[in-house]
Every structure is written in C-alpha cells, then in structure tokens.
Amino acid sequence: MIPKDPVMLLSFVNLKLRDFYGSLDALCEEMELDRENLREKLAAIDYHYDKERNQFV
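Here we summarise the structure given alongside this text. (Residues numbered from 1 in each chain as written. Predicted model: local features only at pLDDT ≥ 70, side-chain atom pairs only at ≥ 80, totals over all residues. Heavy atoms only, no water.)

**Some remarks on the environment of Arg18**
Logical step 1: Mapped onto the elements, Arg18 comes out in helix H1 (residues 6-19).
Logical step 2: Along the backbone, Arg18 and Gln55 are 37 residues apart, and their C-alpha atoms lie at a distance of 7.4 Å. (Helix = DSSP H or I, 4+ residues; strand = E, 2+ residues; numbered from the N terminus.)

**Observations regarding the side chain of Asn54**
Logical step 1: Take Asn54: it is sitting in the loop between strand E1 (49-50) and strand E2 (55-56).
Logical step 2: A relative accessible area of 12% places Asn54 in the buried class.
Logical step 3: A polar contact of 2.9 Å, which involves the side chain of Asn54, links it to the backbone oxygen of Tyr21.
Logical step 4: Within the structure, Asn54 has its side chain in polar contact with the side chain of Tyr49 (distance 2.5 Å).
Logical step 5: Discounting residues that sit within four places of it in the chain, Asn54 has contacts with Leu17, Tyr21, Gly22, Ser23, Leu24 and Tyr49. (Buried < 20%, exposed > 50% of the residue type's maximum accessible area, 1.4 Å probe, protein only. Polar contact = N/O pair within 3.5 Å; in protein donor to acceptor, adjacent residues only side chain to side chain. Contact = heavy atoms within 4.5 Å.)

**Quick word on the side chain of Asn14**
Logical step 1: Mapped onto the fold, Asn14 is located in helix H1.
Logical step 2: Residue classification places Asn14 among the buried residues on the basis of a relative accessible area of 16%.
Logical step 3: Setting aside residues no more than four positions away along its own chain, Asn14 makes contact with Gln55 and Phe56.

**Thoughts on the packing of H1 against helix H3 (residues 35-43)**
Helix packing for two helices is described by the angle between their axes and how far apart those axes are.
Logical step 1: Interhelical geometry of H1 versus H3 gives an angle of 120° and a closest axis separation of 9 Å. In terms of orientation, H1 lies oblique with respect to H3. Crossing of H1 over H3 shows left-handed handedness. Judged by residue contacts, Pro6, Leu9, Leu10 and Val13 of H1 engage Leu38, Lys41 and Leu42 from H3.
Logical step 2: Its residues placed into classes, the contact of H1 with H3 shows 6 nonpolar, no polar and 1 charged. (Axes fitted to C-alpha atoms, helices over the stretch in contact; angles between N-to-C directions. Parallel < 35°, antiparallel > 145°, perpendicular 65-115°, else oblique. Left-handed = near helix turned anticlockwise from the far one by under 90°. Nonpolar A, V, L, I, M, F, W, Y, C, P; charged D, E, K, R; others polar.)

**A closer look at the pattern of salt bridges**
Logical step 1: Across all of its chains, the model carries 2 salt bridges by this definition.
Logical step 2: A salt bridge links Asp19 to Arg18; the shortest N-O distance between them is 2.8 Å. (Salt bridge = Lys/Arg side-chain N within 4 Å of Asp/Glu carboxyl O.)

**Side note on unusual backbone geometry**
Logical step 1: Phi angles above zero are rare outside glycine, and Glu32 is one such case at about 55°.
Logical step 2: Position of Glu32 relative to the elements: it lies in the loop between helix H2 (24-31) and H3.
Logical step 3: A positive phi angle, near 55°, is found at Asn54, a position not held by glycine.

This is the structure:
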C-alpha cells in the first residue's frame, strides 16, 4: 500500500529508490505500480524523476 497524500508519496518513493531500487522502472515493476500515474501524481506537486539521481526532485 502506498500513501495517497502526494507529499507522503514523494517521501515514500524517494526512500524506496534510495534504499532498495536502482531505477523507477524497477520500483514500479516490483511494487506493481503504474509508472505514468505515479509520475503524474508527483508532477502535480512539481516533482519530476531525475534518472541520474534516481529520485524525484
């Protein structure tokens, strides 16, 4: 279960990317998340995935 609140979602996703997953694709595949839906939710609070940093900034 992932957080519904966008700010909590940001924190959750960045923690998972930092500690467990080498890419957004790996996280979405393992957790069975819709990548575009996740990106849209975080873009709504002006955060975008940075592949080089492997986090939403």
